[in-house]
Amino acid sequence: MLKRLLLAGAASLALSAGAQACAFENETEVSILSAGFEAWKAVTDAMIECGNVNAELDQEFRQKQPAAFAANPSLYTLGGVSNGTITPLLNEGTIRPLDDLIEKYGQNLSPNQLIQIDGHTMAVAMMVNTQHMMYREDIFADLGLDVPGTWDEVLEAAETIKAAGVVEYPLGVTMKSGWNIAQDFNNMFLGYGGTFVNADSTPNVNTEAGLNALDMMKRLTEYADPEYLVSDSTYVQQQFQQGKIAMANLWASRGGAMDDPSESQVVGKVGAAAAPLAMEGGAPATTLWWDGIVVAANISDEEADAAFRVAMEGLDEEMVKANSDAAIWLVSGYEPSKLAQGAIATATAQPAPSSYPSTSQMGLMHTAIGNELPAFFTGDRSAEDTLAAIEEAYTTAAEEAGLLQ
Amino acid sequence: MKFRTFAMFVGPSIFLMVLFIAAPLVSVFLQSFQITQPVVEMQEVETCTAGFLTQTCTTETKTVPKLDEFGNIVTTTEWVGLLSYQRVLQLDAVGAAISSGNWGDILNIDFWKALRFTLTFTLITLPFVIGMGLAIAMVVNNATKSMKGPVIFVSLLPFIITPVIGALSIRWLFYGDGIVTVWLEALFDTNLSVAANGWAVEFLMMFYRVWHVAPFAFVIFYAGLQTVNQDTLESAIIDGASRFDRLRYVIVPHLMPLIVFITLIHLMDAYRAFEEVVGFSSQAQRITLQWLTYDLLQPDDAGNRAISRASASAMLTMIGIVIILMPPLRRTWRDHKGG
């Protein structure tokens, strides 16, 4: 019943969009499961114009996707993934190589969109995402502050802003217990030159870099809302929009919301710069992410053909022109807006920040960090003990998962 | 009743209980002693990922699971005895904490942290649920007839609301710049950050649970109050018993079986507390045993989930419930035999 409703909705959308261009009339059933943020909405809306497309946008997609694609036939023909969530699909072999399809329909793709594993293209990236520095240009101009290039400069700027008392809190942090705080730690840890695991899968976070990262994070929290352990990206975005904070290291995909007059009280006042460096001469303390499309392995070649063709319609120039604020697109024809400059500066910095590692080990490490860090920030545990606890939690999980003997 | 009729009535219920309760329980019990792992191998993999302008290609050694000829991951299942229980309980770390004298360190271990909170949560909310339930029942019972309907309706509202929504609505009153927080800040002229204090979050979680469950106790007690023997009450009045004496010596003894019943249900429910952690996002400060099991079961981005430890944690939760239900169950059994 629900499925029929969705189909009806998709069909009526397709009809109402009638005149809008999809280069061909799609006759085969195509379905996609992806994350639910703005960029995916833009892409799937463009795909729906081709007809017979059923799009499911769900922020819980990462839990559904591996099982749905392992079914035979697969429950979806297309999937929206990122470099973090492609791992289980690659490991289980439930997505297919796209080389022949790209040869047939992918004339408009640029080489850096192709995600290649051992020479086979397994996914087509549509956008990059990264955490970068967003700041209130008006406040920085009033106080005569320069845009901070390192985290130490962030602390100095925060001190000045705090002394001036122009906002409730100088800094917004995405340190909600779990995935978010772990990602903040990852950024800082990589910025201080750390590596998460050794070649033999043993953990390597209880290091100088780990201690530096924790120390810097703790000092940053002094300028943030004390409720930072429940503060996720959406919360920080709202703090920004309501003029409560002056700067934050936030996802590039959140940039568009700052200039959305229906939600934001700071339209036009927010600027973006590269993610700050943790140490001189290092890479910006952040990770690079991409989002893109994969095609299921457990479907017929005809279905794969139609699905990929529809996906290419979703990733065309027309869609990007209409939605240039929604993401840092990799699709040709993209003209970056003002708020995209920070992410682009981050991605093109020398040395460049590394991509988020898509490995099973990293999945376990991310969970261990997210679970063990809060005790340090609530003051229940010292930095050394916390890093040791992370290594211990990771080791237990890795032994259980068969990655460590 | 003939056995055949009895079986026809009870059969479907027993069948469903075996299918949905007993069978999963046996499976979880077995899984808590097993570990299923994929067979992995190290492979040199060249990965090219997207940058804004160019691709970056890296060659690294990755652990990749082996696939069989049908494309399924090859797994091995081993019996590991109590290993998963040991990994959940971490008794060696507990021992180290005790021998070094830093007792507080025990509460940094997930299981013991969760157990500490779950127990305090269960035992502190219990008297409040019973007390509040009884108080509302007495008030409604003594209200004038025209008021009874509306008062019952209003008292039942918290019980009708979906648990997570109820928790969220209380969270929104207090977290960030919630209305109540803003009032309190204005009243005491300070700056409050409710979610930054573990004890404040703990208090809110308990407050929510009492608010949510007291109406259930109220309904049961209200029904019980209708059956109090009026003759006994009247003779107590004639004997000069005060309002409190009547409550103490006539009403509460009469309601005792219901109090035990509510205690049983509440202990069972509160020990499995879960919505509070989700609703109040309290995992940085306070976690419950049920949430711990859920967290172990959640797959991470790479698709890993700790099924064996989750099974062990679930079995430990069940054992905990059995232990905590012992006293009221024994009481009921004694009364039953005595009667």
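Remember, it's a predicted structure, so these values are computed and weren't measured experimentally.

1. Remarks on the overall build of chain B
Logical step 1: When you go through chain B residue by residue, the secondary structure sums to 13 helices and four strands.
Logical step 2: Its C-alpha radius of gyration of 27 Å places chain B more than 25% over the 20 Å reference for a compact globule of 339 residues.
Logical step 3: The principal-axis extent of the C-alpha atoms belonging to chain B is close to 90 × 70 × 45 Å.
Logical step 4: Counting every position in chain B, which comprises 339 residues, the buried fraction comes to 40%.
Logical step 5: Residue pairs at least 24 apart in sequence account for 67% of intrachain contacts in chain B once pairs closer than 6 positions are excluded.
Logical step 6: With the model as given, the accessible surface of chain B reaches about 19200 Å², and the carbon-plus-sulfur share is 68%.

2. Section: the packing of helix α9 (residues 208-221) of chain A against helix α16 (residues 383-400) of chain A
Residue and element names in this part refer to chain A.
Logical step 1: Following both chains from N to C, one finds α9 and α16 inclined at 120 degrees, their axes separated by 10 Å at the closest point. Judged by the inter-axis angle, α9 sits oblique to α16. Handedness of the α9/α16 crossing: right-handed. Packed against α9, whose contacting residues are Gly210, Leu211 and Leu214, the element α16 presents Ala383, Glu384 and Leu387 at the interface.
Logical step 2: Looking at the contact of α9 with α16 residue by residue, the class counts come to four nonpolar, one polar and one charged.

3. Section: the side chain of Asp225(A)
Logical step 1: Its location among the elements puts Asp225(A) in the loop between α9 and α10 (233-241).
Logical step 2: Comment: no salt bridge for buried Asp225(A); closest opposite-charge side chain is Lys244(A), at 7.2 Å.
Logical step 3: What Asp225(A) contacts, discounting residues up to four positions off in sequence, is Tyr169(A), Leu171(A), Tyr235(A), Gln239(A) and Ser193(B).

4. With respect to the domain arrangement of chain A
Residues and elements named next belong to chain A.
Logical step 1: According to the domain assignment, chain A contains domain 1 (25-129 + 288-341) and domain 2 (131-286 + 359-401).
Logical step 2: Taken residue by residue, the interface counts eleven residues in domain 1 and 19 residues in domain 2.
Logical step 3: Taking both sides of the interface into account, the surface hidden between domain 1 and domain 2 amounts to around 1100 Å²; carbon and sulfur atoms contribute 55%.
Logical step 4: Viewed at the interface, domain 2 and domain 1 are joined by one salt bridge.
Logical step 5: Lys338 is the partner of Glu137 in a salt bridge, and the nearest nitrogen-oxygen pair spans 3.3 Å.
Logical step 6: Summed over the shared surface of domain 1 and domain 2, the number is five residue pairs in polar contact (both at pLDDT 80 or more).
Logical step 7: Those elements that place two or more of their residues in the side of domain 1 that touches domain 2 are α4 (87-91) and β9 (288-295).
Logical step 8: Here the side of domain 1 that touches domain 2 is built from residues that sort into five nonpolar, three polar and three charged.

5. So, the confidence of the model for chain B
Logical step 1: Predicted confidence across chain B gives a mean pLDDT of 90, with 100% of residues reaching 70 or more.
Logical step 2: Listed scores for the predicted complex are pTM 0.88 and ipTM 0.87.

6. A few points about the pairing of strand β7 (residues 245-251) of chain A
Residues and elements named next belong to chain A.
Logical step 1: Of all seven residues in β7, seven are buried, a share of seventy percent or more.
Logical step 2: The sheet contact formed by strand β5 (residues 120-136) and β7 spans five bridges and is antiparallel. Note on β7: the bridge partner recorded for Met134 is Ala248.
Logical step 3: Relative to β7, strand β6 (residues 169-172) is paired through three bridges, and the arrangement is parallel. Paired with Tyr169 across the bridge in β7 is Ile245.

7. Describing the state of the cysteines
Disulfides are covalent bonds that link the sulfur atoms of two cysteine residues.
Logical step 1: Evaluation of the coordinates by the stated rule reveals two disulfides over all chains.
Logical step 2: There is a disulfide in this structure between Cys22(A) and Cys50(A), and the S-S distance comes to 2.0 Å. Between Cys22(A) and Cys50(A), the S-S dihedral sits near 90 degrees, and the bridge is therefore right-handed. Pair noted here: Cys22(A) is in the loop between α1 (2-16) and β1 (30-34) and Cys50(A) is in the loop between α2 (38-48) and β2 (53-57), with a separation of 28 residues, a long-range link. Each member of the pair, Cys22(A) together with Cys50(A), is buried.
Logical step 3: Two residues share a disulfide in this structure: Cys48(B) and Cys57(B), whose sulfurs sit 2.1 Å from each other. Disulfide Cys48(B) to Cys57(B): torsion about the S-S bond roughly 110 degrees, handedness right-handed.

Calculation rules
Residues numbered from 1 in each chain as written. Chains lettered and ligands numbered in written order. Predicted model: local features only at pLDDT ≥ 70, side-chain atom pairs only at ≥ 80, totals over all residues. Heavy atoms only, no water. Helix = DSSP H or I, 4+ residues; strand = E, 2+ residues; numbered from the N terminus. Rg over C-alpha atoms; globule rule 2.2 N^0.38 Å. Buried < 20%, exposed > 50% of the residue type's maximum accessible area, 1.4 Å probe, protein only. Contact = heavy atoms within 4.5 Å. Areas by Shrake-Rupley, 256 points an atom, 1.4 Å probe, with all protein chains shown as cover. Axes fitted to C-alpha atoms, helices over the stretch in contact; angles between N-to-C directions. Parallel < 35°, antiparallel > 145°, perpendicular 65-115°, else oblique. Left-handed = near helix turned anticlockwise from the far one by under 90°. Nonpolar A, V, L, I, M, F, W, Y, C, P; charged D, E, K, R; others polar. Lys, Arg positive; Asp, Glu negative; His and termini not counted. Salt bridge = Lys/Arg side-chain N within 4 Å of Asp/Glu carboxyl O. Domains from an automatic or database assignment. Buried area = accessible area lost by both parts, 1.4 Å probe. Polar contact = N/O pair within 3.5 Å; in protein donor to acceptor, adjacent residues only side chain to side chain. pLDDT = per-residue confidence, 0-100. Pairing = 2+ DSSP bridges. Disulfide = S-S within 2.5 Å.

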